[in-house]
Amino acid sequence: MRWLSEPLLAVDHLSMRFGGLVAINDLSFTVGRGDITALIGPNGAGKTTVFNCITGFYKPTSGRLALSHGGPADPAAVATLTRSDKKRTHGATPELFLLERMPDHAIASEARVARTFQNIRLFPGMTVLENLIVAQHKTLMAASDYSLGGILGLAKYRAAEHKALELARAWLEVVGLVERADDPAGDLPYGAQRRLEIARAMCTNPVLLCLDEPAAGLNNRESAELTRLLRGIRAQTGVSILLIEHDMSVVMDISDHVVVIEYGVKIADGTADAVKNDPKVIAAYLGVDDEEVAAAAAGSVRP
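Residue numbers restart at each chain and count upward from 1, following the sequence in its written direction. With the structure being a predicted model, the display of local features is reserved for residues of pLDDT at least 70 and the display and counting of side-chain atom pairs for 80 or more, all residues being used for whole-chain, interface and lining totals. Values shown for side chains rest on all heavy atoms present in the structure; no hydrogens or waters enter the calculation.

(A) Quick look at the overall build of the protein chain. The helix and strand labels rest on DSSP assignments: H or I over at least four residues marks a helix, E over at least two residues marks a strand, and numbering proceeds from the N terminus. In terms of regular secondary structure, the protein chain is built from 14 helices and 10 strands. Counting every position in the protein chain, which comprises 303 residues, the buried fraction comes to 48%. Considering only contacts within the protein chain whose residues lie at least 6 apart along the sequence, 68% involve residues at least 24 apart. Residue exposure ignores everything except the shown protein chains as possible cover, and the areas themselves are Shrake-Rupley values with a 1.4 Å probe. By element, 54% of the accessible surface of the protein chain is carried by carbon and sulfur atoms, the whole surface being about 14,500 Å². Relative accessible area decides the class of each residue, using a 1.4 Å probe on protein chains only: under 20% of the type maximum gives buried, over 50% gives exposed, and in between gives partly exposed. In this analysis, two residues are considered to be in contact whenever any of their non-hydrogen atoms come within 4.5 Å of each other.

Next comes the structure, spelled out in structure tokens:
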């Protein structure tokens, strides 16, 4: 249970309000270093809002989002930060990032959090290879001294460009798209576009990969391929994966840790086996009323 012993990300008392609407209410959970963690719940539970807070698209109303590149992101340790620490984007050490204070581009580039979206957001007119090169634009721009080195073809830029191409080709190999490298990304089948989007995220060298419904729209064979791909990526890179997913076969097959929310409140947190048998989780998905939840918890479910 690395989410307890070695957390990478600590979500601590997170709340997000939109006017009078409470989308997330006092939510706390951890993502283990090297774990695959699933965030699940019925439609409208607030899952994507959590992702948007973690990745900087939203600024939380309250709460702490602590990500540690080094030691565990311990919420108790984060709570002891001094007043001066609390004014900084980093925490008590250079490797502790307080995501709620950082702009989205810094969360991606400095804290190294990458994400995909429920609706695929590739550059359809660019080639498959170019989509992976674009993901490395910050490194390439820095190597070019922000254009001049690229224009003049300086050695530093050429070396960075060669490295970027090698990385892109390596990820094309992983996702099985080497033969489509020069095709427009928009011409790929749907399942291949999903894999390309994951490869593009991995080209940023993340420590945390956030996937918003990666199996959406996939058939059973494609979902099984996705499961194998994510396991392989975790084994190959050690990246921690946090995913939102409605395909329970994928969730139960791949997840080390499952967090369940309903109406922005956590109702279960544990292993896949423990969560799938939790009466509150069953009630949330099947619409069972409170009396039946209590009966199920007592072991006396009515037929």
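Once you've had a look at it, read on.
(B) Layout of the layout of surface pockets. Approximately 1,100 Å³ is the volume found for the largest pocket. Buried and open spaces are told apart on a 1 Å grid over the protein atoms alone, a cavity being a set of points where a 1.4 Å probe fits but cannot get out and a pocket being an open set with protein on both sides within 12 Å along at least five of seven lines. Residues with an atom within 4 Å of a point are the lining residues. In terms of lining residues, the largest pocket is bounded by 31 residues, among which Ala-108, Ser-109, Ala-135, His-137 and Thr-204 are the most central. Listing elements by their share of the lining of the largest pocket, those giving two or more residues are α4 (104-109), β6 (113-115), α6 (137-143), α8 (155-174) and α9 (190-202). Considering each element in turn, the lining of the largest pocket owes the most residues, five residues, to α4. Of the residues assigned to the lining of the largest pocket, the class counts are 14 nonpolar, nine polar and eight charged. Grid points are joined across faces, edges and corners, and a volume is the space filled by probe spheres set on the points. Three categories are distinguished: nonpolar for Ala, Val, Leu, Ile, Met, Phe, Trp, Tyr, Cys and Pro, charged for Asp, Glu, Lys and Arg, and polar for the others, with Gly belonging to the last.

(C) Representation of the side chain of Arg-64 in the model. With respect to the helices, strands and loops of the structure, Arg-64 is situated in strand β4 (residues 62-68). Within polar-contact distance, the side chain of Arg-64 engages the side chain of Glu-100 at 2.5 Å. Within 3.5 Å is the distance limit for a polar contact, defined as a pair of N or O atoms, with the added protein rule that one can donate a hydrogen and the other accept it, and that residues adjacent in sequence qualify only through two side-chain atoms.

(D) Main features of the environment of Leu-188. The topology assignment puts Leu-188 in the loop between α8 and α9. Residue classification places Leu-188 among the buried residues on the basis of a relative accessible area of 5%. In the structure, Leu-188 is positioned 11 residues away from Leu-177 in sequence and 9.5 Å away in space, judged by C-alpha atoms. The residues touching Leu-188, leaving out its near neighbours within four places in the chain, are Val-128, Leu-177, Arg-180, Gln-193 and Leu-196.

(E) How the structure looks around the pattern of salt bridges. A pair is scored as a salt bridge if a Lys or Arg side-chain nitrogen falls within 4 Å of a carboxyl oxygen belonging to Asp or Glu. Enumeration according to the criterion identifies 11 salt bridges in this entry. As a salt-bridge pair, Arg-101 and Glu-100 come within 3.7 Å of each other at their nearest N and O atoms. Judged by its relative accessible area of 23%, Arg-101 falls in the partly exposed class. Its relative accessible area of 12% is what places Glu-100 among the buried residues. A salt bridge links Arg-115 to Asp-212; the shortest N-O distance between them is 3.7 Å. You can see Arg-115 sitting in strand β6 and its partner Asp-212 sitting in strand β7 (residues 208-212), a full 97 residues away along the chain. The class of Asp-212 is buried, set by a relative accessible area of 3%. Through salt bridges with shared partners, a single ionic network connects Arg-64, Glu-100 and Arg-101.

(F) How the structure looks around the sheet that holds strand β8 (residues 240-244). By this definition, two strands are paired if DSSP reports at least two bridges between them. Spatially, the six strands line up as an open sheet ordered β6-β7-β8-β3-β9-β10, and their pairing is mixed. The open sheet terminates on both sides in strands that have one partner only, identified here as β6 and β10 (265-270). Sheet twist, expressed as the average angle between the axes of neighbouring strands with direction ignored, equals 20 degrees. Against the sheet, α9 makes contact with β6 and β7, and its axis sits at roughly 155 degrees relative to β7, the strand it touches most. The axes are straight lines fitted to the C-alpha atoms, using for helices just the contacting stretch, and the angles between their N-to-C directions are given from 0 to 180°.

(G) Here's a closer look at the pairing of β7. With five of five residues buried, β7 lies mostly within the body of the structure. Burial of β7 is two-sided: the residues Leu-208, Cys-210 and Asp-212 facing one way and the residues Leu-209 and Leu-211 facing the other way are all buried. Examined bridge by bridge, β6 and β7 share three bridges and lie parallel to one another. Among the inter-strand pairings, Ala-114 is bridged to a residue of β7, identified as Leu-209. The sheet contact formed by β7 and β8 spans five bridges and is parallel. Note on β8: the bridge partner recorded for Asp-212 is Ile-244. For the handedness criterion, the strands are oriented away from the viewer, and a crossover whose path from the first strand over the helix to the second runs clockwise is classed as right-handed. In the classification by handedness, the crossover that spans β7, the intervening helix α10 (residues 220-237) and the parallel β8 is right-handed.

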